[in-house]
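These are the residues of each chain, in order.
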Amino acid sequence: MTPYQKAMELANSVPLWGFCSLIIGLVFIQTAVFVWISSRYSERANVTGLDIRRSLRAGLISTLGPALSVFVVGLGLITQIGTPLTLARLSVIGNATYEASSAEMASVAMGTSLGSETYSMQAFAASVWVMNLGGVCMVLPTLLFLKSLSKITQAADKRMAGGIILGTSASLASFGYFAADYAKRDRQNLIAVMAGFLSMIGINYAAKRWKAAWLKEWALAFSILLALAAVGLL
């Protein structure tokens, strides 16, 4: 057996399936707990059953585009790091691009690459360590600073304008940074970002003008499709 075949045998082994299933199961448990907590406090926040159903529908629709891209990249990852680890990592973080790049960087540091015949069990172990340590770094700031940020948010919420400005500014800064970094790479990326940006504005304007609530729910999915179409045509 080649080093790659041995690594894939380990990556799809029963023990690894067992450990990864525990992680995936924890995600389902967390989801159930969050739903239970939100249902308990919905009445205190004056959230009606209709509002909850609308939110669920909008959330499901909005995840179609991002979930499709994660699914496609995930299929490629399965052949490179195995099925159980791919399912576990994408269930916890959901960032397929990060998982692929971190696994590749780890394998390069070990003198090989993902999918190569020289990709050994040691390289696979290095990929697992890098992916998980990177995930920990994403979670730690939340654990360390969530309480302080909550106090700032609560203080801002006492002044309606302050809360809106804080939330909008944080969202614009976060999405703007990632969009700018993506757009500057090449012409097609720039076209995709601009087409998605303009189409999102246009769709929301149309939804407000025609009072079409369903159009707002589908805005993200439509903007992704229009961005893909723009890249294909231009």
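Rules used in this analysis
- Residues numbered from 1 in each chain as written.
- Predicted model: local features only at pLDDT ≥ 70, side-chain atom pairs only at ≥ 80, totals over all residues.
- Heavy atoms only, no water.
- Helix = DSSP H or I, 4+ residues; strand = E, 2+ residues; numbered from the N terminus.
- Buried < 20%, exposed > 50% of the residue type's maximum accessible area, 1.4 Å probe, protein only.
- Contact = heavy atoms within 4.5 Å.
- Areas by Shrake-Rupley, 256 points an atom, 1.4 Å probe, with all protein chains shown as cover.
- Lys, Arg positive; Asp, Glu negative; His and termini not counted.
- Charge placed at Lys NZ, Arg CZ, Asp CG, Glu CD.
- Salt bridge = Lys/Arg side-chain N within 4 Å of Asp/Glu carboxyl O.
- Polar contact = N/O pair within 3.5 Å; in protein donor to acceptor, adjacent residues only side chain to side chain.
- Patch = residues over 30% accessible without salt bridge, like charges linked within 9 Å, V, L, I, M, F, W, Y side chains within 5 Å.
- Axes fitted to C-alpha atoms, helices over the stretch in contact; angles between N-to-C directions.
- Parallel < 35°, antiparallel > 145°, perpendicular 65-115°, else oblique.
- Left-handed = near helix turned anticlockwise from the far one by under 90°.
- Nonpolar A, V, L, I, M, F, W, Y, C, P; charged D, E, K, R; others polar.

(A) The arrangement of the overall build of the protein in detail. In terms of regular secondary structure, the protein is built from 11 helices and zero strands. The order of helices and strands in the protein, counted from the N terminus, is α-α-α-α-α-α-α-α-α-α-α. The principal-axis extents of the C-alpha atoms in the protein amount to approximately 65 × 50 × 30 Å. Within the protein, the fraction of its 234 residues that count as buried is 24%. For the protein, contacts bridging at least 24 residues in sequence account for 60% of all contacts bridging at least 6. In the structure as shown, the protein presents an accessible area of about 16000 Å², 71% of it carried by carbon and sulfur atoms. The protein carries 18 positive and 10 negative side-chain charges, and their two centres are separated by 14 Å.

(B) Fine view of the pattern of salt bridges. Inspection of the entire model under this criterion finds three salt bridges. For Glu 99, the salt bridge identified is with Arg 89, shortest N-O distance 3.1 Å. Of this pair, Glu 99 sits in helix α6 (residues 96–109) while Arg 89 sits in helix α5 (residues 83–92), and the two are 10 residues apart along the sequence. Overall, Glu 99 belongs to the buried group, its relative accessible area being 0%. For Arg 89, a relative accessible area of 7% puts it in the buried group. For the salt bridge of Arg 185 with Asp 181, the shortest nitrogen-to-oxygen distance reads 3.2 Å. Through salt bridges that share partners, Asp 181, Lys 184 and Arg 185 make up one connected network.

(C) Broad picture of the side chain of Ser 120. Among the secondary structure elements, Ser 120 is positioned in the loop between α6 and α7 (121–157). Here the side chain of Ser 120 touches Gln 122 through a polar contact of 3.2 Å, side chain to side chain. Ser 120 has contacts with Pro 3 and Ala 7, leaving out every residue within four places of it along the chain.

(D) Structural detail: a nonpolar patch on the surface. The grouping of Val 136, Met 138, Val 139, Leu 140, Leu 143, Leu 144, Phe 145, Leu 149, Ile 152 and Leu 166 at the surface amounts to a nonpolar patch, some 930 Å² of accessible area in total. Broken down by element, the residue count for the nonpolar patch peaks at nine residues, all from α7. Relative to the assigned elements, Val 136 resides in helix α7.

(E) Layout of the packing of helix α9 (residues 187–210) against helix α11 (residues 219–233). The geometry of α9 relative to α11 is characterised by a closest axis approach of 8 Å and an angle of 140° between their N-to-C directions. One element, α9, and the other, α11, form an angle in the oblique class. Seen from above, α9 lies across α11 with right-handed handedness. Two secondary-structure elements touch here, α9 through Gln 188, Ile 191, Ala 192, Ala 195, Gly 196, Ser 199, Met 200, Ile 203 and Asn 204 and α11 through Ala 219, Leu 220, Phe 222, Ser 223, Leu 226, Ala 227, Ala 230 and Val 231. Along the lines of polarity and charge, the residues of the contact of α9 with α11 split into 12 nonpolar, five polar and no charged.

(F) Layout of the packing of helix α2 (residues 14–41) against α5. Relative orientation of the contacting elements α2 and α5 amounts to 20°, with a least axis distance of 9 Å. If you check the angle between α2 and α5, you find them roughly parallel. Our pair here, α2 against α5, has a crossing hand that is left-handed. On α5, the residues that touch Leu 16, Trp 17, Cys 20, Ile 23, Ile 24 and Val 27 of α2 are Thr 83, Pro 84, Leu 85, Leu 87, Ala 88, Ser 91 and Val 92. Here the contact of α2 with α5 is built from residues that sort into 11 nonpolar, two polar and no charged.

(G) Structural detail: unusual backbone geometry. The phi torsion at Lys 211 lies on the positive side, around 55°, for a residue other than glycine. Turning to its location among the elements, Lys 211 is positioned in the loop between α9 and α10 (213–217). Classification of Lys 211 as exposed rests on a relative accessible area of 77%.

Function cannot be inferred from these measures alone, as they are strictly geometric.
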